[in-house]
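Next come the chains, spelled out residue by residue.
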Amino acid sequence: MSSAPIYEVDLKKFWENPYPDLKLMREKNPICFVPQLHSTLFTKRNSISENEKKIDIFSSVQPGGLMTTLMGENMMRKDGESHQLERKAIFPSISPKTVKNIWKKDFIKNTEKILYQMKRKEKGDLIKDFALPVSAEALKTVTALSNMAFTEMDRVSQGMIDGIANISGDPLIEANCHNCTQSIDNHIDEMLPIIKKSPNHSLLSVQHEAGLSETQNRANIKLAISGGQNEPRDAIAGTVWALLKNKNQLNLILEGKSTWLNAFEEYSRWISPIGMSPRRVAKNAIIESIEFTKNERIFFMFGSGNRDEDVFDNPEVFNITRKLSASLAFGAGPHFCAGAWISRCLIGEVALPLLFKCFPKIKLNQNYGEVKFTGWAFRGPLEVNCIY
Ligand code: HEM
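Let us look at the structure shown here. Every value quoted in this text rests on a predicted model; they were computed, and no experiment measured them.

## Quick word on the coordination of the iron atom of the ligand
- Coordination of the iron atom of the ligand by the protein comes from a single atom, Cys337 (SG), at 2.3 Å.
- If you trace the backbone, Cys337 turns up in the loop between α15 (302-305) and α16 (340-358).

Here's what the structure looks like:
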């Protein structure tokens, strides 16, 4: 355990809304030990950004950690050269050029189909009707798992997220996680021979072509699914909610004074879909006068850094005209989100503009009251009921 001052949280309250606690941490003890999370938390934006790059101290390698045990050793749990090698291997699948020239047209085609289905409905939950299938269809395209139903994509993603958060070791959650990773493996078994014969830009294909082992390939596909489904899903639904709640911001876009992309990026700063990234202390060290001991766990709290008052003016306010270069929504170190360009295109250039074009009168369904958000590691709305 580090020498950082102790800050106690009520886990239920923290899950419902971590922002009041995070604000107090930033004010009083920006690096603090939270006994309920068995971890030391970094909460200030610039401290997170600086320390995330010190991979000799704050390592991504976490042998025996839940992610590695349940999903295999993926690139998010590697450092230095072995990480770079895999990151380079997937570049042809995630690069801005591939997104623009290959994926964008598929994203548009899939989204138009989903909107066509929605046209038959007068109202519904925007997550189920739109955000979830848009996100899952994109992930099916990018991973090569076109043989998977979009509902299954969402299920297996959630099952893995629950599995890696299962610190208390609930056997049912663990069994469900195994079931989800097995489902992904079964779908990979079916698609691998096909893409070996006809290579394409998918993650499965480019990793195989780059010579990564099947074990590496499968682990990184599971990583992309665990991190690439619920974040775009929650960001799409959350951004729509934020724009419908703040009509002045929506009008800025409709009047050409701001963009859908700005709205997505500002939402992701304001309510970060990934609020935290864990690291293992690789060696004893003193950082910002705090002593850290080898093998203890720390959390870089992106969701807190994104509300840092020293970096963002009125950080609690959703303002799509603010400068966002300091945002940590996609991370700030060598593990900077591999799906960032995919997400910007999918959400900022396809999902949001097409939704508002198709449903210009869309509004929140007041019969359902306030939209509820949960989570501090992964955060998003539970339902966004709308009248289309
Ligand atoms: C709103 C959308 C998304 C958000 C907010 C998001 C956020 C993040 C964050 C915060 C990290 C960790 C960064 C760090 O520790 O420094 C990350 C890593 C990663 N993300 Fe995303 N993500 C999104 C969408 C996606 C999508 C769609 C994919 C895949 C198609 C994806 C694939 C990955 C991968 C593979 C990594 C690990 C990269 C590495 O280890 O080098 N993400 N993401």
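## Thoughts on unusual backbone geometry
- In the Ramachandran plot, Asn295 falls in the positive-phi region, its phi being about 80° despite a non-glycine side chain.
- Along the polypeptide, Asn295 turns up in the loop between β7 (290-292) and β8 (297-300).
- Take Asn295: its relative accessible area is 49%, and that puts it in the partly exposed class.
- For Asn314, which is not a glycine, the phi torsion comes out positive at approximately 40°.

## Section: the site of the ligand
- As a matter of local geometry, the ligand sits amid 27 residues, with Glu52, His83, Arg87, His335 and Cys337 nearest to it.
- One of the side-chain nitrogen or oxygen atoms of His83 is found 2.7 Å away from an oxygen atom of the ligand.
- Between His335 and the ligand, the recorded distance is 2.6 Å, taken from a side-chain N or O atom to an oxygen atom.
- Among the elements of the structure, α5 (80-94), α11 (214-228), α12 (230-245) and β5 (277-281) are those that each provide at least two residues to the shell around the ligand.
- For the shell around the ligand, the residue count by class is 15 nonpolar, eight polar and four charged.

## Some words on helix α7 (residues 126-143)
- End to end, α7 covers 24 Å across 18 residues, agreeing with the expected 26 Å (1.5 Å per residue, within 8%).
- In α7, a bend of some 30° at Leu132 exceeds every other bend along the element, and Pro133, a proline, comes one to four places later.
- A large share of α7 lies buried, amounting to 17 of its 18 residues.
- At the N-terminal end of α7, a side-chain oxygen is found 3.0 Å from the backbone nitrogen of Ile127, two or three residues along, and the residue is Asp125.
- Positioned one or two residues after α7, Ala144 has a phi angle of 95°, which is positive.

## Structural notes on the packing of α12 against helix α13 (residues 247-254)
- Two elements in contact, α12 and α13, have axes separated by 5 Å at closest approach and are oriented at 105°. Classed by the angle they form, the pair α12 and α13 counts as roughly perpendicular. Touching Leu243, Leu244 and Lys245 of α12 are Lys247, Gln249, Leu250 and Ile253, all from α13.
- Here the contact of α12 with α13 is composed, by residue class, of four nonpolar, one polar and two charged.

## Concerning the sheet that holds β5
- Pairing within the open sheet is mixed, and its five strands lie in the order β1-β2-β8-β5-β3. Looking at which strands have only one partner, the edges of the open sheet turn out to be β1 (31-34) and β3 (58-59).
- Across two bridges, β3 lies against β5 in antiparallel orientation. Across the sheet, residue Phe58 finds its bridge partner in β5, namely Val281.

## Observations regarding the sheet that holds strand β12 (residues 385-387)
- Taken in spatial order, the three strands line up as β4-β12-β9 in an open sheet, and their pairing is antiparallel. Edge positions in the open sheet fall to β4 (123-125) and β9 (363-364), since each of these has one partner strand only.
- As defined by bridge partners, β9 adjoins β12 across two bridges and the pair is classed as antiparallel. Within the sheet, the bridge partner assigned to Lys363 lies in β12 and is Ile387.

## A few points about the state of the cysteines
- Under the definition given, this model contains zero disulfides.
- Cys386 forms no disulfide, and the closest cysteine sulfur to it belongs to Cys358, at a distance of 13 Å.
- Relative accessible area serves as the criterion here: at 0%, Cys386 is assigned to the buried category.

## Notes on the nonpolar core
- Core analysis: the largest hydrophobic core is formed by 97 residues, its most contacted members being Leu126, Phe130 and Leu355.
- Ranked by residues supplied to this core, first place goes to α16 with twelve residues.
- The next biggest cluster of nonpolar side chains, apart from the first, holds 17 residues, and it includes Ile31, Val281, Ile287 and Ile298.

What counts and what doesn't
Residues numbered from 1 in each chain as written. Predicted model: local features only at pLDDT ≥ 70, side-chain atom pairs only at ≥ 80, totals over all residues. Heavy atoms only, no water. Donors = N, O, S within 2.8 Å, 3.2 Å for Na, K, Ca; no water. Helix = DSSP H or I, 4+ residues; strand = E, 2+ residues; numbered from the N terminus. Buried < 20%, exposed > 50% of the residue type's maximum accessible area, 1.4 Å probe, protein only. Near = heavy atom within 4 Å. Polar contact = N/O pair within 3.5 Å; in protein donor to acceptor, adjacent residues only side chain to side chain. Nonpolar A, V, L, I, M, F, W, Y, C, P; charged D, E, K, R; others polar. Expected span 1.5 Å × (residues − 1). Bend = angle between axes of the 7 residues up to and from the residue. Axes fitted to C-alpha atoms, helices over the stretch in contact; angles between N-to-C directions. Parallel < 35°, antiparallel > 145°, perpendicular 65-115°, else oblique. Contact = heavy atoms within 4.5 Å. Pairing = 2+ DSSP bridges. Disulfide = S-S within 2.5 Å. Core = buried A, V, L, I, M, F, W, Y, C linked by side-chain atoms within 4.5 Å.

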